[in-house]
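Given next are the chains, with one letter for each unit.
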Amino acid sequence: MDQKKKLFKLIPKVDELLEIDSINKLIENMPRKIVVDSIREEIELLRKDIRINSFKEEEVNERISRLPGLIIDRADKKNSYKLKRVINGTGVVIHTNIGRSLISEGIIENIKDIAVNYSNLEYDLDKGERGSRYSHLKDIIVEITGGEDAMVVNNNAAAVLLTLSTIAKNKEVIVSRGELIEIGGSFRIPDVMEQSGAILKAVGTTNKTHLWDFEKAITEETAALLKVHTSNYRILGFASSLSAEELYPLKEKYNLPLIEDLGSGVLIDLSKYGLEYEPTVQESIKNGVDIVTFSGDKLLGGPQAGIIVGKKKYIDSMKKNPLTRAFRVDKFTISALEATLRLYLDERVAVEKIPTLKMLSIDISELEKKAKKLYNSIIGRMDSNNCRLEIVDSYSEVGGGSLPLEKIPTKCIMLSIEKYKVTDFERALREYKVPIITRVYKDNIYIDLRTVREDEFDIIVDGLLYGFNKLKGCIK
Ligand SMILES: *Cc1c(COP(=O)(O)O)cnc(C)c1O
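Here the structure is a predicted model, which means the values were calculated and not measured.

Draft legend 1. Here's a closer look at the pairing of strand β15 (residues 408–417). Here β15 lies mainly inside the structure; 9 of its 10 residues are buried. Pairing between strand β14 (residues 387–399) and β15: 10 bridges, direction antiparallel. Each bridged residue has a counterpart across the sheet, and for Ser 396 the counterpart in β15 is Ile 408. Both β15 and strand β18 (residues 444–448) contribute to a ladder of 4 bridges, which runs antiparallel. For Leu 415, the partnering residue across the bridge sits in β18 and is Ile 445.

This is the structure in structure tokens:
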């Protein structure tokens, strides 16, 4: 017992630790309370270790010598934002868990201008009276898509719910069984339908739905025909579904609105850039769909939003639906979306400036160049005795439930560490101050060059060194 008391006495007091320069300096950049709490917590951890272990004096002194570093790490962590940037090494371009699409760097000024100043958000500058926040995006969406009218809500889930609630409340909506989708995060067509008050009438079978399936189901109670993009899966083999074009004659014959949830909402022909062909919003409109809904932050490459395009009479009633208020977009979204959509006025500019499109269309030779550059930066600063580093061929994914079968050839940095568990290394990289999210495959770490920018290379190298250091790995 006496021995333990002696060991406890070796631990510096809070005030003493606060006097240490490197710790004291922290107070310039963060609240003093965070620093003091971090000191107390590290001291408490050490006391606990002394209590349960039979440490010798040298061991305790060694632990004490490491205290300042641990305190600084802990304080930095406590002081960092909870929502923070990460490095996407996964190669999944539209990764819903880490922020989906990135905003184009060039439009930040526009968002800032709206953020720090008053704006005409709901003010009609012509009339000098109250205006509508939905007016700002209408013209540009109409111009790009060819629709009659447009409005924007918080996300596509809201767009679908608002559409069904406005057009089909207490009435029936006919949809193919092959399109009763669930996408991640609990968006399921049958559930959304129920929430909207519309009654789901599923027709056809999982793999085949014919026009006569739809026609047979039409009654007095039918309010709309619905087509849903099977974003994240495909039914292959003995299968057929109906396109909007094929449904059109039926919609005309029975005078019913045709609604299409397009999911991703592509505005340009992606097959020109080596990707699988994906029907565009413009085509849906051309094929006579009355209301098309799609996301702002999937393949469109803008902010989170749900875009509704189509016949004015339906959109007018949507604006009167009380749900619209609950789903309304904020001014940052409107400004980011307007600026993103303007890039689409010239397709070459869109592909160059919108990160999602740029990452998806980047040439493999560019990826190879980037891979070599990153490889050299890592090799330059790391001892390769304990780890192996290679540039390898692999595949990236589009993500966001878009083009699920598409495997895009890419280049990756592959790291294998002999002495340590790959999962421990992967975790260490996630714990870096700018967390690095990687892919683990067969005991190797992969960093896909498609989803990292060159200006992130330094962070990646520092993060790898941090990771190795943490594992006491192959540091020089
Ligand atoms: C992604 C998706 C949604 C949901 O869109 P959010 O913008 O994430 O709300 C709805 N329908 C389909 C077909 C989708 O792919």
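Draft legend 2. Quick look at the packing of aromatic side chains. Summed over all chains, the structure comprises 3 aromatic pairs. Ring centres of Tyr 432 and Tyr 466 lie 5.2 Å apart, and the angle between their planes is 50°; this geometry places the pair in the tilted category. In this pair, Tyr 432 is assigned in the loop between α20 (422–431) and β16 (436–437) and Tyr 466 in helix α21 (residues 457–470), connecting sequence segments 34 residues apart. Take Tyr 432: its relative accessible area is 10%, and that puts it in the buried class. Judged by its relative accessible area of 25%, Tyr 466 falls in the partly exposed class. Its end group placed over the ring of Phe 8, Arg 47 keeps NZ or CZ at 4.4 Å from the ring centre.

Draft legend 3. The side chain of His 95, seen in detail. If you trace the backbone, His 95 turns up in the loop between β2 (92–94) and α7 (108–116). Every residue in contact with His 95, bar those within four places of it in the chain, is listed here: Asn 88, Thr 90 and Arg 100.

Draft legend 4. Spatial organisation of the site of the ligand. Neighbouring the ligand are 13 residues; Ala 157, Ser 231, Asp 261, Ser 295 and Lys 298 lie closest to it. Arg 100 places a polar side-chain atom, nitrogen or oxygen, 2.9 Å from an oxygen atom of the ligand. Burial of the ligand by the protein amounts to 95% of the accessible area it has alone, namely 380 Å². Listing elements by their share of the shell around the ligand, those giving two or more residues are α9 (156–168) and β11 (258–263). Considered class by class, the residues forming the shell around the ligand number 4 nonpolar, 6 polar and 3 charged.

Draft legend 5. Structural detail: the UniProt feature "modified residue: N6-(pyridoxal phosphate)lysine" (unreviewed entry) in the protein chain. As annotated by UniProt and renumbered to match this structure, "modified residue: N6-(pyridoxal phosphate)lysine" (unreviewed entry) occupies Lys 298. Of the residues examined, Lys 298 reaches a relative accessible area of 4% and is grouped as buried. Among all residues touching Lys 298, those that are not within four sequence positions of it are Ile 94, Arg 100, Ser 101, Gly 263, Ser 264, Thr 356, Gly 400 and Ser 402.

Draft legend 6. A look at a negative patch on the surface. A contiguous patch of negative charge, built from Asp 15, Glu 16, Glu 19 and Asp 21, is present on the exposed surface. Within the secondary structure, Glu 19 sits in helix α2 (residues 14–19).

Draft legend 7. Local environment of the state of the cysteines. Per the counting criterion, the structure on display carries 0 disulfides. No disulfide involves Cys 412; its nearest neighbouring cysteine sulfur is the one of Cys 387, lying 17 Å away.

Draft legend 8. Layout of the UniProt feature "domain: L-seryl-tRNA selenium transferase N-terminal" (unreviewed entry) in the protein chain. Sequence positions flagged by UniProt for "domain: L-seryl-tRNA selenium transferase N-terminal" (unreviewed entry) are, in local numbering, residues 8–47. Along residues 8–47 the backbone is 82% helical and 0% strand, and the end-to-end C-alpha distance reaches 7 Å.

What counts as what
- Residues numbered from 1 in each chain as written.
- Predicted model: local features only at pLDDT ≥ 70, side-chain atom pairs only at ≥ 80, totals over all residues.
- Heavy atoms only, no water.
- Buried < 20%, exposed > 50% of the residue type's maximum accessible area, 1.4 Å probe, protein only.
- Helix = DSSP H or I, 4+ residues; strand = E, 2+ residues; numbered from the N terminus.
- Pairing = 2+ DSSP bridges.
- Phe/Tyr/Trp six-rings, centres within 6.5 Å; stacked < 30°, edge-to-face > 60°.
- Lys NZ or Arg CZ within 6 Å of the ring centre and 35° of its normal.
- Contact = heavy atoms within 4.5 Å.
- Near = heavy atom within 4 Å.
- Polar contact = N/O pair within 3.5 Å; in protein donor to acceptor, adjacent residues only side chain to side chain.
- Areas by Shrake-Rupley, 256 points an atom, 1.4 Å probe, with all protein chains shown as cover.
- Nonpolar A, V, L, I, M, F, W, Y, C, P; charged D, E, K, R; others polar.
- UniProt positions renumbered as here; feature names shortened; annotations may be inferred.
- Patch = residues over 30% accessible without salt bridge, like charges linked within 9 Å, V, L, I, M, F, W, Y side chains within 5 Å.
- Salt bridge = Lys/Arg side-chain N within 4 Å of Asp/Glu carboxyl O.
- Lys, Arg positive; Asp, Glu negative; His and termini not counted.
- Charge placed at Lys NZ, Arg CZ, Asp CG, Glu CD.
- Disulfide = S-S within 2.5 Å.

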